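If you want the building blocks of each chain, they are given just below.
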Amino acid sequence: KASAITKSPGGFDIGALDKSVDPCVDFYQFACGGWRQANPIPSDQTRWGRFNELAERNREALREILEQAKDPARRRSPIEAKVGDHYAACLDESGIEKLGTKPIEPFLARVAAVDSKAALFRLFGENEALALPALFRFGAAPDMHDSRETIANVGQGGLGLPDRDDYLKDDPKSKEKRDRYVQHVTRMLELLGESADQAKAGAQTVLRIETALASAHLSRVEMRDPKNRDNPMTVADLQKLAPAFDWSDYFAATGAPPFSNLNLSSKKYFAESNALLENTPIADWKTYLKWHLVDAAAPHLGAAFVQEDFSFNRGYLQGAKEIEPRWKRCVQTTDRALGDALGQLYVEKTFGPEGKARMGKMIDAITASLRE
């Protein structure tokens, strides 16, 4: 049997056609109908297409690499040891179960220690540096006026549901989604050790804050207009626009290099959420932070957290019928955390000098053709 690495991903398949359909009437069904009938969405997936097939093939290849790399008895390179140990730790469900919430207790303690707005923004910045979700998004992005330049970019964020409309629409499905979200947040806070009443009140606080943030968000349609995302300014301008935000403490805590100019990809968000910062008690912001911390950590904690996270996010919101096998989730987790290291092993295993030479020739030929 061929390994997943050498198995062909397949080329054009005449069986993917549905020849019972006139292509002049329904070309999509003619071109794809046969493939769709033969490829129902797998129960652990939320969508399925040729790119998903390719991703699954690559995941199998990465699994072969990681299964070998996780064996400490083998002679491993430093990179193999790094990715192998990470993968093995993820697979250790009994060990994870014994730890309970211990891995996130230092982060919960930092939330509990917040006692002022300045401390709140320092924590927002520290969380940003650790890739934990915060009230808004901050990072590097191409300058919209000169793509050769990279500048600081600050944008809207802070929501737990997929879209701002989920908070603002009054149709039955949106209302149901909010109800289910409150139930989900409540259950997660209970898993952290809060009483039923505490958790329920906390979930309502989260919904109230996120609804206010959502009302300040630009819609998806508005965000598609580059003019709305193009708001160059100085840090001093930003401080005037949103004085309730403690920008100096925040930027310092992220560890970003000093800068004076930035782009604001949603001016409305910061102008309108400024009052929310002023008027919301610190205790409510701590509840909000605690929720987003456990939400980010849940897939990596014990079984109860993993199942609740799956049931709401992949199950209810996205339609998956069952959770992916543990090995798939651990391959993805290792790839996200150590992508460059795992990628190096992947290239060595699947690409090699011959593949590089072949691709070099192809790129040269395409470049010559485009020049012509």
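Residues numbered from 1 in each chain as written. Predicted model: local features only at pLDDT ≥ 70, side-chain atom pairs only at ≥ 80, totals over all residues. Heavy atoms only, no water.

This next bit is on the overall build of the protein. Helices and strands together make up the secondary structure of the protein, namely 19 helices and four strands. With the C-alpha coordinates aligned to their principal axes, the bounding extent of the protein is approximately 65 × 55 × 50 Å. The burial tally for the protein puts 38% of its 372 residues in the buried class. Excluding contacts between residues fewer than 6 apart, the proportion of contacts in the protein whose partners are at least 24 apart in sequence is 67%. Accessible surface for the protein amounts to roughly 21,100 Å². Of this, 54% is attributable to carbon and sulfur atoms. (Helix = DSSP H or I, 4+ residues; strand = E, 2+ residues; numbered from the N terminus. Buried < 20%, exposed > 50% of the residue type's maximum accessible area, 1.4 Å probe, protein only. Contact = heavy atoms within 4.5 Å. Areas by Shrake-Rupley, 256 points an atom, 1.4 Å probe, with all protein chains shown as cover.)

Taken together, the eight bridges between strand E1 (residues 136-143) and strand E2 (residues 146-156) define a ladder with antiparallel strand orientation. Each bridged residue has a counterpart across the sheet, and for arginine 137 the counterpart in E2 is glycine 155. Hairpin connection between E1 and E2: a loop of two residues separates the two successive antiparallel strands. (Pairing = 2+ DSSP bridges.)

So, on to a nonpolar patch on the surface. A cluster of nonpolar side chains, namely Val347, Phe351, Met359, Met362, Ile363, Ile366 and Leu370, defines an oily patch on the protein surface of about 650 Å² accessible area. With five residues, the single largest contributor to the nonpolar patch is helix H19 (residues 352-371). Checked against the element boundaries, isoleucine 363 lands in helix H19. Residue classification places isoleucine 363 among the partly exposed residues on the basis of a relative accessible area of 48%. (Patch = residues over 30% accessible without salt bridge, like charges linked within 9 Å, V, L, I, M, F, W, Y side chains within 5 Å. Salt bridge = Lys/Arg side-chain N within 4 Å of Asp/Glu carboxyl O.)

Right, let's get into the state of the cysteines. Applying the stated criterion across every chain yields a total of one disulfide. Between cysteine 90 and cysteine 330 runs a disulfide, and the two sulfur atoms are separated by 2.1 Å. Taking the sign of the torsion about the S-S bond as the criterion, the disulfide between cysteine 90 and cysteine 330, at about -80 degrees, is left-handed. Taken together, the residues cysteine 90 in helix H3 (residues 78-91) and cysteine 330 in helix H17 (residues 326-337) connect sequence positions 240 residues apart. Residue classification places cysteine 90 among the buried residues on the basis of a relative accessible area of 12%. (Disulfide = S-S within 2.5 Å.)

Moving on to the pattern of salt bridges. This structure, assessed with the given rule, holds 20 salt bridges. Residue aspartate 163 is joined to arginine 220 by a salt bridge in which the shortest nitrogen-to-oxygen separation is 2.5 Å. You can see aspartate 163 sitting in the loop between E2 and helix H7 (165-168) and its partner arginine 220 sitting in helix H10 (residues 220-223), a full 57 residues away along the chain. Judged by its relative accessible area of 53%, arginine 220 falls in the exposed class.

Here a ring pair, both rings aromatic, is described through the centre-centre distance and the interplanar angle of the planes. A complete count under the given rule lists 23 aromatic pairs for this structure. Within the aromatic cluster, the residues linked to one another by ring pairs are Phe121, Phe124, Phe136, Phe138, Phe245, Trp247, Tyr250, Phe251, Phe259, Tyr269 and Phe270. Lying across the ring of tryptophan 327, arginine 63 places its NZ or CZ 4.1 Å from the centre. In this structure, arginine 180 is placed above the aromatic ring of tyrosine 316, and the distance from its NZ or CZ to the ring centre is 4.1 Å. (Phe/Tyr/Trp six-rings, centres within 6.5 Å; stacked < 30°, edge-to-face > 60°. Lys NZ or Arg CZ within 6 Å of the ring centre and 35° of its normal.)

Paired through their backbone hydrogen bonds, the strands of a sheet run either parallel or antiparallel. Across the sheet, which stays open at both edges, the four strands sit in the order E1-E2-E4-E3 with mixed pairing between neighbours. Where the open sheet ends on each side, the last strands, each with one partner, are E1 and strand E3 (232-234). The average angle at which neighbouring strand axes cross in this sheet is 40 degrees, direction not considered. With three bridges connecting them, E3 and strand E4 (residues 261-264) associate as antiparallel partners. Looking at the pairing, methionine 233 lines up with leucine 262 of E4. Along the sheet, helix H14 (residues 267-279) makes contact with E1, E2, E3 and E4, crossing E2 at roughly 30 degrees. (Axes fitted to C-alpha atoms, helices over the stretch in contact; angles between N-to-C directions.)

Formed by 58 residues in total, the largest nonpolar core has its most connected members in Leu135, Phe136, Tyr181, Phe245, Trp247 and Phe270. For this core, the element with the highest residue contribution is helix H9 (residues 196-216), accounting for eight residues. Each residue touching tyrosine 181, except ones within four places of it in the same chain, is listed here: Gly160, Leu161, Tyr167, Val206, Leu207, Glu210, Trp291 and Phe312. If you look at the next biggest cluster of nonpolar residues, it comprises 14 residues, including Ile65, Ala69, Cys90 and Ala341. (Core = buried A, V, L, I, M, F, W, Y, C linked by side-chain atoms within 4.5 Å.)

What follows is about unusual backbone geometry. Generally, phi is negative for residues other than glycine and the peptide bonds are trans, each holding for most cases. Despite not being glycine, alanine 131 has its phi angle at roughly 60 degrees, a positive value. Within the fold, alanine 131 resides in the loop between helix H6 (117-129) and E1.

Across the protein, pLDDT averages 94, with 97% of residues at or above 70. For residues 1-8, every residue scores under 50 in pLDDT, and the model assigns this stretch 13 contacts once sequence neighbours within four places are set aside. (pLDDT = per-residue confidence, 0-100.)

Below, the discussion takes up the packing of helix H8 (residues 172-191) against helix H16 (residues 303-317). Packing of H8 against H16 leaves a shortest axis separation of 10 Å and a crossing angle of 170 degrees. Here H8 lies roughly antiparallel to H16, going by the angle between them. The residues of H16 that touch H8, namely those facing Lys173, Glu176, Lys177, Arg180, Tyr181, His184, Arg187, Met188 and Leu191, are Ala304, Phe305, Glu308, Asp309, Phe312, Asn313, Tyr316 and Leu317. Across the contact of H8 with H16, the residue classes tally to eight nonpolar, two polar and seven charged. (Parallel < 35°, antiparallel > 145°, perpendicular 65-115°, else oblique. Nonpolar A, V, L, I, M, F, W, Y, C, P; charged D, E, K, R; others polar.)

Where E2 meets E4, three bridges bridge the pair, whose relative direction is parallel. When the bridges of E4 are listed, asparagine 153 appears paired with asparagine 263.

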